[in-house]
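One-letter residues, chain by chain:
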Amino acid sequence: MPCLTRFWGCAVVLLPPESICVYAACLETNAPLSLRLPLAAAATADVCWWHLTRLRCSTREGHSRMSGPPRMPGKDDKIAWYANDGSGGFGSQQVISTLADGAISVYAADVDGDGDIDVLSASTRDDKIAWYANDGSGGFGSQQVISTLADFAVQVHAADVDGDGDIDVLSASKTDDKIAWYANDGSGGFGSQQVISTLTNGAHSVHAADVDGDGDMDVLSASYDDDKIAWYANDGSGGFGSQQVISTLSNGARSVYAADLDGDGDKDVLSASIEADTIAWYFNSRTAAPSAPPTSGEVTTTALSVQLTCRDSCRI
Ligand SMILES: [Ca+2]
Ligand SMILES: [Ca+2]
Ligand SMILES: [Ca+2]
Ligand SMILES: [Ca+2]
């Protein structure tokens, strides 16, 4: 008797014939995989459960992941924008695409270099990174796929990674623990996926900033399952060094961002960790230690994402 009871984030499941019906209050999503299993059940039968939106299974011989996350009811797979009237009033929703299956992240940048702002998307269920060309007045062309190799893509970001003057694209994907980038040919055509790291267990966020101050865009990552904030040095042409860990204390790391919070001229790093309900920052010691905590920046966020707005003189 297959039974299927699901909750968001942590849940309970059951599976096919040889499996048994597991019912638990909450399988701790941040615990090591083995600890997430009801031990008595795992000892005698295959057990499967939902972890976020993906079905995971543990067999009696060991554990494995299953692909093919199910469709979630009530999701519209939509990328949209809203026109500003100039004073913060917004018009009605204007749909760009409904082909982003499990849409979860957007970013805006001039992808094709024609002077207008295009749109990028990441979507979980189709593992897709894509973009949509702006016609210059807010009309958007059809979805142009950059990659479908970002397994459970959770964030898209854009920056000139290889320093050739056009905007390249970065992705974080959770199931394959991957931070990657895609080279722009200058007109919105993209090369194959170039992996920066797979040492981000449960990769959830990617950001680009010149962390080491040598003029090129380095990359930052936040990963949920290993509570890690890390960065990767760019060699100037899109080749990246090994992972440099900033912290492994960001419990349930969900977002990373960079800005000069202490005003000493280098990029400091911000993180959001959902399990600890914490927004934290890490000063960049490339120049000098901070003399005081940031006072002119305002962090506005839940622990789901980090955004920084400046009201006075802080620099981003
Ligand atoms: Ca454009
Ligand atoms: Ca580029
Ligand atoms: Ca750099
Ligand atoms: Ca700084």
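The structure displayed is predicted, hence computed values, not measured ones. (Residues numbered from 1 in each chain as written. Chains lettered and ligands numbered in written order. Predicted model: local features only at pLDDT ≥ 70, side-chain atom pairs only at ≥ 80, totals over all residues.)

**Focus on the overall build of the chain**
The number of helices and strands found in the chain is two helices and 22 strands. Sorting the 316 residues of the chain into buried and exposed places 40% on the buried side. Here the contacts in the chain between residues at least 6 apart in sequence split such that 40% fall between residues at least 24 apart. (Helix = DSSP H or I, 4+ residues; strand = E, 2+ residues; numbered from the N terminus. Buried ≥ 20, exposed ≤ 12 C-beta atoms within 10 Å, placed from the backbone. Contact = placed C-beta atoms within 7 Å.)

**Some points on the environment of serine 271**
On the secondary structure map, serine 271 appears in strand β19 (residues 268-273). Residues serine 271 and valine 256 lie 15 residues apart in sequence; the distance between their C-alpha atoms is 4.6 Å.

**Quick notes on the sheet that holds β19**
Taken in spatial order, the three strands make up an open sheet running β18-β19-β20, and their pairing is antiparallel. Looking at which strands have only one partner, the edges of the open sheet turn out to be β18 (253-259) and β20 (278-282). Going across the sheet, the axis of each strand differs from the next one's by a mean of 20°, ignoring polarity. As defined by bridge partners, β18 adjoins β19 across six bridges and the pair is classed as antiparallel. Counterpart to valine 256 in the pairing with β19 is serine 271. (Pairing = 2+ DSSP bridges. Axes fitted to C-alpha atoms, helices over the stretch in contact; angles between N-to-C directions.)

**A look at the environment of tryptophan 281**
Mapping tryptophan 281 onto the fold places it in strand β20. Tryptophan 281 sits in the buried class, given 21 other C-beta atoms within 10 Å. Sequence separation between tryptophan 281 and valine 256 is 25 residues; the distance between their C-alpha atoms is 9.5 Å. The contacts of tryptophan 281, once residues within four sequence positions are left out, are Leu261, Asp268, Val269 and Leu270.

**Some remarks on the environment of glycine 236**
Mapped onto the secondary structure, glycine 236 falls in the loop between β16 (228-232) and β17 (244-247). Sequence-wise, glycine 236 and aspartate 164 are 72 residues apart; in three dimensions their C-alpha atoms are separated by 9.6 Å. In contact with glycine 236, other than residues within four places in its own chain, are Gly163 and Asp216.

**Concerning the pairing of strand β7 (residues 118-123)**
Most of β7 sits out of view: six of its six residues are buried. Where strand β6 (residues 103-109) meets β7, six bridges bridge the pair, whose relative direction is antiparallel. Of the residues in β7, the one forming a bridge with valine 106 is serine 121. Pairing of β7 with strand β8 (residues 128-132) involves five bridges; the strand directions are antiparallel.

**What to know about the nonpolar core**
Grouped together as the largest cluster of nonpolar side chains are 55 residues, with contacts concentrated most on Leu120, Ile129, Val169, Leu170, Val219, Leu220 and Val269. Look past the residues within four positions of leucine 120 in its chain and what remains in contact with it is Val106, Tyr107, Ala109, Val111, Trp131, Val156, Ala158 and Val169. (Core = buried A, V, L, I, M, F, W, Y, C linked by C-beta atoms within 7 Å.)

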